[in-house]
Amino acid sequence: MEKVASGFVRNSASLGGNLVMAQRNHFPSDIATVLVVGSLVNLMNGLKSEEITMEEFLRRTELDSKSILVSVKILDWDRIMSISAGTKMKLLFETYRSAPRPLGNALPYLNAALMAKISRCVSSNGMVVSDCRFAFGAYGTKHAIRATKVEEFLTGKVVSVDVLYEAVMLLRSIVVLDDDTSYPAYRSSLAAGFLFEFFSHLVEGNAKSPNGYVNGYSTLMSPARHLDHSKVSTLLTSGKQEVELNKQYHPVGELLAESGAVIQASGEAVADTQKHADMAADLVVVDYDMENLEPPILSVEEAVRKSSFFEVPSFFQPKQVGDFSKGMAEADHKILSAEIKLGSQYYFYMETQTALAVPDEDNCIVVYSSIQAPEDAQSTISRCLRIPEHKVRVITRRVGGGFGGKAMKAIPVATACALAAYNLRRPVRMYMNRKTDMKTTGGRHPMEVTYSVGFKEDGRITALHLDILINAGIGVDISPIIPLFMVGAIIKYDWGAFSFDIKVCRTNHSSKSAMRGPREVQGTFISEAVIEHVASVLSMDVDSVRINNLHTFNSLDFFCKGAAGELKEYTLPSIWDKLAASSSFKERTDMIKQFNMCNKWRKWGRGRESKHFWGWISCC
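For every chain, the first residue of the written sequence is number 1, and numbering continues from 1 onward in sequence order. Only residues with pLDDT of at least 70 get local features here, since the model is predicted, and only at 80 or more are side-chain atom pairs given and counted; chain-wide, interface and lining totals rely on the full set of residues. Side-chain numbers here rest on the full set of heavy atoms in the structure, without hydrogens or water.

1. Points about the packing of helix α12 (residues 374–385) against helix α13 (residues 411–424)
Move 1: Every angle, taken between N-to-C directions, lies between 0 and 180 degrees, and every axis is a line fitted to C-alpha atoms, over only the stretch in contact when it is a helix. Counting from the N terminus, the helices are the DSSP runs of H or I reaching at least four residues and the strands are the DSSP runs of E reaching at least two. Here α12 crosses α13 at 40°, and the two axes come no closer than 9 Å. On the basis of the axis angle, α12 is oblique to α13. Here α12 and α13 pass one another in a crossing that is right-handed. Counted together, Asp376, Ala377, Thr380, Ile381, Cys384 and Leu385 of α12 and Ile411, Ala414, Thr415, Ala418, Leu419 and Tyr422 of α13 form the full contact between these two elements.
Move 2: Here the contact of α12 with α13 is built from residues that sort into nine nonpolar, two polar and one charged. For classification purposes, angles smaller than 35 degrees are called roughly parallel, those larger than 145 roughly antiparallel, those between 65 and 115 roughly perpendicular, and all remaining angles oblique. Handedness of a crossing follows from how the near helix is turned relative to the far one, being left-handed for an anticlockwise turn of less than a right angle and right-handed for a clockwise one. We call two residues in contact whenever any of their non-hydrogen atoms come within 4.5 Å of each other. Under the grouping applied here, Gly and all other residues not named as nonpolar or charged are polar, the nonpolar ones being Ala, Val, Leu, Ile, Met, Phe, Trp, Tyr, Cys and Pro and the charged ones Asp, Glu, Lys and Arg.

2. Quick word on the confidence of the model for the chain
Note that predicted coordinates carrying low pLDDT should not be read in detail.
Move 1: When pLDDT is averaged across the chain, the result is 84; 85% of the residues are at 70 or more.
Move 2: The score called pLDDT rates the predictor's confidence residue by residue, from a low of 0 to a high of 100. No element of the chain has a lower mean pLDDT than strand β17 (residues 616–619), which averages 48, and none a higher one than strand β13 (residues 447–455), which averages 97.
Move 3: Contacts of residues 205–241 to residues separated by more than four positions or lying in other chains number 60 contacts, the stretch itself having pLDDT below 50.
Move 4: Every residue in residues 256–263 scores below 50 in pLDDT, and together they form seven contacts with partners more than four places removed in sequence or on other chains.

3. What about the environment of Ser555?
Move 1: Relative to the helices and strands, Ser555 resides in helix α18 (residues 553–560).
Move 2: Each residue is placed in one exposure class: buried if its accessible area under a 1.4 Å probe, protein chains only, is under 20% of its type's maximum, exposed if it is over 50%, and partly exposed if it falls in between. For Ser555, a relative accessible area of 9% corresponds to the buried category.
Move 3: Along the chain, Ser555 and Gly496 lie 59 residues apart, while their C-alpha atoms are 8.2 Å from each other.
Move 4: The definition of a polar contact used here is a pair of N or O atoms within 3.5 Å, where within protein one atom must be able to donate a hydrogen and the other to accept one, and adjacent residues in sequence count solely through side-chain atom pairs. A distance of 2.9 Å separates a polar atom in the side chain of Ser555 from the backbone nitrogen of Thr552.

4. Details of the nonpolar core
Move 1: By nonpolar core is meant a set of buried Ala, Val, Leu, Ile, Met, Phe, Trp, Tyr and Cys residues that side-chain atoms within 4.5 Å join together. Of all hydrophobic cores here, the largest spans 50 residues; its most connected members are Tyr451, Val453, Leu466, Ile468, Trp495 and Phe498.
Move 2: Counting residues in hydrophobic clusters, the runner-up holds 36 residues, among them Tyr96, Tyr139, Val159 and Val163.

5. Quick notes on the sheet that holds strand β11 (residues 392–395)
Move 1: Spatially, four strands are ordered β11-β10-β9-β12 in an open sheet, and the strand pairing comes out mixed. Both edges of this open sheet fall to β11 and β12 (428–431), since each of them pairs with a single strand only. The sheet shows a mean angle of 15° between the axes of neighbouring strands, taken without regard to direction.
Move 2: Following DSSP output, two strands are said to pair if at least two bridges run between them. Here strand β9 (residues 354–360) pairs with β12 via four bridges, running antiparallel. Among the inter-strand pairings, Thr354 is bridged to a residue of β12, identified as Tyr431.
Move 3: Against the sheet, α12 contacts β10 (364–369) and β11, and its axis sits at roughly 145° relative to β11.

6. Quick word on the environment of Val36
Move 1: Counting through the fold element by element, Val36 comes out in helix α3 (residues 30–36).
Move 2: On the basis of relative accessible area, Val36 is assigned to the buried category, the value being 5%.
Move 3: Sequence-wise, Val36 and Arg146 are 110 residues apart; in three dimensions their C-alpha atoms are separated by 7.4 Å.
Move 4: Filtering out sequence-adjacent residues up to four positions away, Val36 remains in contact with Met54, Glu55, Leu58, Ala135, Ala144 and Arg146.

7. So, the sheet that holds strand β8 (residues 333–342)
Move 1: Here we have four strands laid out as an open sheet, ordered β8-β13-β14-β15, and mixed in their pairing. Looking at which strands have only one partner, the edges of the open sheet turn out to be β8 and β15 (497–506). Each strand axis lies, on average, 10° off the axis of its neighbour in the sheet, ignoring direction.
Move 2: Relative to β15, strand β14 (residues 461–473) runs parallel, the two being bridged by ten bridges. The residue bridging Ile468 from the neighbouring strand is Ile502, located in β15.

8. Brief notes about the pattern of salt bridges
Oppositely charged side chains can form a pair if their charged atoms are brought close together.
Move 1: Put simply, a salt bridge is a Lys or Arg side-chain nitrogen that is within 4 Å of an Asp or Glu carboxyl oxygen. Throughout the structure, instances matching the rule amount to 13 salt bridges.
Move 2: Across the salt bridge formed by Asp501 and Lys503, the nearest N and O atoms sit 2.7 Å from each other.
Move 3: Judged by its relative accessible area of 26%, Lys503 is partly exposed.
Move 4: The partner of Asp541 in a salt bridge is Arg606, and the shortest N-O contact between them spans 3.1 Å. You can see Asp541 sitting in the loop between α16 (520–538) and α17 (542–548) and its partner Arg606 sitting in the loop between α20 (585–598) and β16 (610–613), a full 65 residues away along the chain.

9. Re the pairing of β11
Move 1: Side chains Val392 and Val394 of β11 all project onto a buried face; the interleaved residues Arg393 and Ile395 project onto a face where none is buried.
Move 2: The pairing of β10 with β11 spans four bridges and is classified as parallel. Bridge pairing links Ile365 to Val392 in β11.
Move 3: Handedness of a crossover is defined as follows: orient the strands so they point away from the viewer, and if the path from the first strand over the helix to the second runs clockwise, the crossover is right-handed. In this view, the connection linking β10 to its parallel neighbour β11 by way of α12 has right-handed handedness.

10. Observations regarding helix α7 (residues 161–174)
Move 1: Between its first and last C-alpha, α7 extends 20 Å over 14 residues, near the 20 Å set by a 1.5 Å rise per residue.
Move 2: Listing the buried residues of α7 in full gives Val161, Val163, Leu164, Ala167, Val168 and Leu171. All buried residues of α7 fall inside an arc of 155° around its axis, so they share one side.
Move 3: If you follow the buried residues of α7, they end up packed against β6 (127–137), α6 (148–154) and α8 (184–200). Any helix carries an expected span of 1.5 Å times its number of residues minus one. Arc definition: it is the arc formed by the directions from the helix axis to the C-beta atoms.

11. A few points about unusual backbone geometry
Move 1: The backbone of Phe348 shows a phi angle near 55°, a positive value even though the residue is not glycine.
Move 2: Secondary-structure assignment places Phe348 in the loop between β8 and β9.
Move 3: Phi is positive for Asp362, which is not a glycine, with a value near 60°.
Move 4: Within the secondary structure layout, Asp362 lies in the loop between β9 and β10.
Move 5: Note on Asp362: relative accessible area 59%, which makes it exposed.

Below, the structure written as structure tokens:
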């Protein structure tokens, strides 16, 4: 089951939904194929109930809206086998799946479920197939099928190379793909390979196949119901080689003195499997020297006290607008030192950070990375490996969900993968588990905002001042660009005069990065919070306060310094009115007021606002 979709999808979806998709929409379901070998489906249509096999269910015409999939009954093979325990019969069951990616949301090229009841032959040393069921699906057909001809052929026969060869040839004639199906030869060979692998360990030793090849060793049948093919011999040969550590892979394997561990990885474990790599990483014990270290900075207030800031380049410094003191003097009402706290957010993309590095000829390297900024990974890998950039190819086939989290944060994964592959001269794949990904990726920038605002009796704002402390974490990442573009989102309203003091604080948290509108989200939230606070103080409708502070062409030109365009191009007021008319805004407002007056606990709401994206404004 761990190979079906992803953990998030499995936790959200249902068995019934998966099966109905397979029946109605011909979805290449892995679960349906598994259940074809031994399950019954209970359907209800009105008052009529019936029980049919899974194969019959999939072959039926599409279920209508009146039909309900009530339950799925899986046959109790433990009870069935206990009835025939006197015959010393064993049950073998195995599922197979081949897809572009072994795990996750990749549809399979072909899936299969193979089940066989076997017992030892009295007259020979072989194994007799008493009963078998084979299901194959997802190879271009509408639904999974039973290979009944192969089942009939093998039932009652002693498993041998000749018999297995005939069964494979027969299966190839059954699993026939349409001409428009991708990779037809590969999919057909997969079916034959799955059947071969399922029975290969049962083949009697020293037998010869029709083409003259000698098979592998005979193996006593495992009493386990679920085969572990890594522990039994197959017809394929295998070998093992132990290599002692030497200077050939220098400096790989050499102990390194770590410095500046607050911003560096302590190392990477390279192994033949992900499981072994995880085991090796878990065995690492890192001893940090705490001597002469200052206490960590864990809040923006501490960062201010210790003057721990990242420098914002002058070309990323936003400009103040108007005279704040004059604007406050003109105000009828004032709100002083109000506070807003914005927390961080994690990305929760479907797939975590991953990369595959493959050494290429002429001292080149190819890195397949789930990165949103491959050009940045290329330059970083080039510097790390000390080779020219033209010898580094970074390919992004798919991101697997990014939202900004795979821009800068994917670079360390791609670089570590490339470093191991470059030194070992062999392909290296790396992916983070969810826990590690959440620890290292950071997320959205937390902020603490203090604002003072002056406004007239009618809700028109005359001055706004913001003190913003941005928690950037330990690394600079994209943090220096946040102030400029966040201010660009805030000035979607005419604040009269607008001043601010924005500090990008360096703390000992994980560095924060771009996340889904990394500046517009915070800027919009701050501006709308100020508007709603003003409306609350004046007991006005918030939509009226928004209208009174919408930009005119002159105010927009004043705030955006010549970026407003031509007067005839400024259409915000007309768009605002069209939005109200097309959505029956006034009528809905009256209806909502009436509803809220009549309902104590349930309340309705409505609203509209403008958005400012890098110099242009829209309504929603």
